[in-house]
Amino acid sequence: MRIILDGMGGDNAPEEIVKGAVQASKLIRHDIYIVGKEELILKELDRYEYNDQQIRVVNADEVITNEDSPVRAVKKKPDSSLVVGLTLVKSGKGNLFISAGNTGAIVVASRMVLGKLEGIDRPSIASIYPILGGIPSLLIDAGASSDSRPANLLQQATMGSIYMEKVIGRENPRIGLVNLGAEAGKGSMLTKEAYPLLENSSLNFVGNVEARDIPKGACDVIVCDGFTGNIILKLTEGLAWNILKLLKKKFTDGTKAKMGALLLKNKMGELKEEFDYSEYGGAPILGVKGPVVKMHGSSSASAVKNTIIKAVPFAEEDVISLIEKDMYDLEEIIDEKEY
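The text that follows walks through the structure, step by step, so that each part is easy to find.

## Looking at the pattern of salt bridges
Reasoning step 1: Throughout the structure, instances matching the rule amount to nine salt bridges.
Reasoning step 2: Note that Arg212 is salt-bridged to Glu210, the shortest N-O span being 3.7 Å.
Reasoning step 3: Here the residues in one salt-bridge network are Arg170, Arg174 and Asp220, joined through shared partners.

## Things to note about the side chain of Asn102
Reasoning step 1: Residue position: Asn102 is located in the loop between β4 (96-99) and α5 (103-114).
Reasoning step 2: Looking at Asn102, its side chain comes within polar contact range of the main-chain oxygen of Asp68, at 3.4 Å.
Reasoning step 3: In contact with Asn102, other than residues within four places in its own chain, are Ile64, Thr65, Asn66, Asp68 and Pro70.

## Observations concerning the sheet that holds strand β2 (residues 31-36)
Reasoning step 1: Spatially, β3-β2-β1-β4-β11-β10-β5-β6-β9-β7-β8 is the arrangement adopted by the eleven strands of the open sheet, whose pairing is mixed. Because the sheet does not close on itself, it has two edges, and the strands there are β3 (55-59) and β8 (204-209). Across the sheet, the axes of successive neighbouring strands diverge by a mean angle of 25 degrees, strand direction being ignored.
Reasoning step 2: Here four bridges tie strand β5 (residues 124-129) to strand β6 (residues 137-140), and the two strands are oriented antiparallel to one another. Note that in β6 the partner of Ile128 across the bridge is Leu138.

## Observations concerning the state of the cysteines
Reasoning step 1: Here the structure, examined in full by the defined rule, presents zero disulfides.
Reasoning step 2: In this model Cys219 remains outside any disulfide bridge; the closest cysteine sulfur is found in Cys224, 9.7 Å from its own.
Reasoning step 3: Look at Cys224 and you get buried, because its relative accessible area is 3%.

## A look at unusual backbone geometry
Reasoning step 1: Of note, the bond from Ala13 into Pro14 is cis; its omega dihedral lies within 30 degrees of zero at -5 degrees.
Reasoning step 2: Looking at the secondary structure, you find Pro14 in the loop between β1 (2-6) and α1 (15-25).
Reasoning step 3: Omega for the peptide link from Ile140 to Asp141 comes to 10 degrees, which places this bond in the cis form.
Reasoning step 4: The phi dihedral of Asp318 falls on the positive side, at around 50 degrees, and the residue is not glycine.
Reasoning step 5: Here Asp318 lies in the loop between α11 (301-316) and α12 (319-329).
Reasoning step 6: Of the residues examined, Asp318 reaches a relative accessible area of 42% and is grouped as partly exposed.

## Quick word on the packing of aromatic side chains
Reasoning step 1: One pass over the full model with this rule turns up two aromatic pairs.
Reasoning step 2: Here Tyr163 and Phe314 contribute two aromatic rings whose centre-to-centre distance is 5.4 Å and whose plane-to-plane angle is 85 degrees, an arrangement assigned as edge-to-face. Taken together, the residues Tyr163 in helix α6 (residues 150-168) and Phe314 in helix α11 connect sequence positions 151 residues apart.
Reasoning step 3: Ring geometry for Tyr195 and Phe205: centres 5.1 Å apart, planes at 75 degrees, overall edge-to-face. Of this pair, Tyr195 sits in helix α7 (residues 189-199) while Phe205 sits in strand β8, and the two are ten residues apart along the sequence.

Quick notes on the rules
Residues numbered from 1 in each chain as written. Predicted model: local features only at pLDDT ≥ 70, side-chain atom pairs only at ≥ 80, totals over all residues. Heavy atoms only, no water. Salt bridge = Lys/Arg side-chain N within 4 Å of Asp/Glu carboxyl O. Helix = DSSP H or I, 4+ residues; strand = E, 2+ residues; numbered from the N terminus. Polar contact = N/O pair within 3.5 Å; in protein donor to acceptor, adjacent residues only side chain to side chain. Contact = heavy atoms within 4.5 Å. Pairing = 2+ DSSP bridges. Axes fitted to C-alpha atoms, helices over the stretch in contact; angles between N-to-C directions. Disulfide = S-S within 2.5 Å. Buried < 20%, exposed > 50% of the residue type's maximum accessible area, 1.4 Å probe, protein only. Phe/Tyr/Trp six-rings, centres within 6.5 Å; stacked < 30°, edge-to-face > 60°.

Next comes the structure, spelled out in structure tokens:
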């Protein structure tokens, strides 16, 4: 299998991207193709010992930045690492694409270069959501599309269920619809109309899930529109790191506190690890004709390594074909004229 890695995407490219690729190459048997400015990538590779038959460089002279307009950048920069990398997947020369670049550009480019799966209106970002003291859940959509129709939420739930089962290994995952109340009649027009679609599907739908219950692990797949999902994700991330920062301050305030901190050092490390995005790998873009994974923009080498390793089953389990097949079954549930 050939893993295509965007060598120029993200805040720490190409240094951390290359370092993470080298680390991952020692743990997997698959080939890694790093796409980007060849001179810069080779310069970074020269700092490490690596198998040049396993890690190779594909030149791409242009870079899409966070300041670029996604649609314009994809059209105006055909020789960017993002577009060249996705083209390799489309042509069959690559089996999996990974990038820490501009989120909007990755979603747009994936849709334009690879195309949408039949039956999918809008691709979605599925992000691992940490559960305190428990097994992580999957949040979908995490920000690919701000506006959704009821049918989109059913599509997201189906894709998320397949991904959780085939990639994460969660059998018959529980599907929850984010809402402001647990009762079926609660919520916006979107959630009210999406509820019966989910309820009448073959998914393991457990009903509405309130925001306060999400961190407790109320469901395995958290379904919502991208606007809501992105807010949930960023609020959780910001709150978690601020709590950890506050605890660190409290535990270093005075001699007694420092002594207590020494006793709790290992437990604090475990808590920090539970919230650390780099441990969970990247977020798949579901609904396009190829395995695409989005990493955090500030990904470290460790995050890159973990993303590469954990993304391998996404391609190996042929999740894209499974999603495409299940979309046909949804046609009996969804009345296109109404939804």
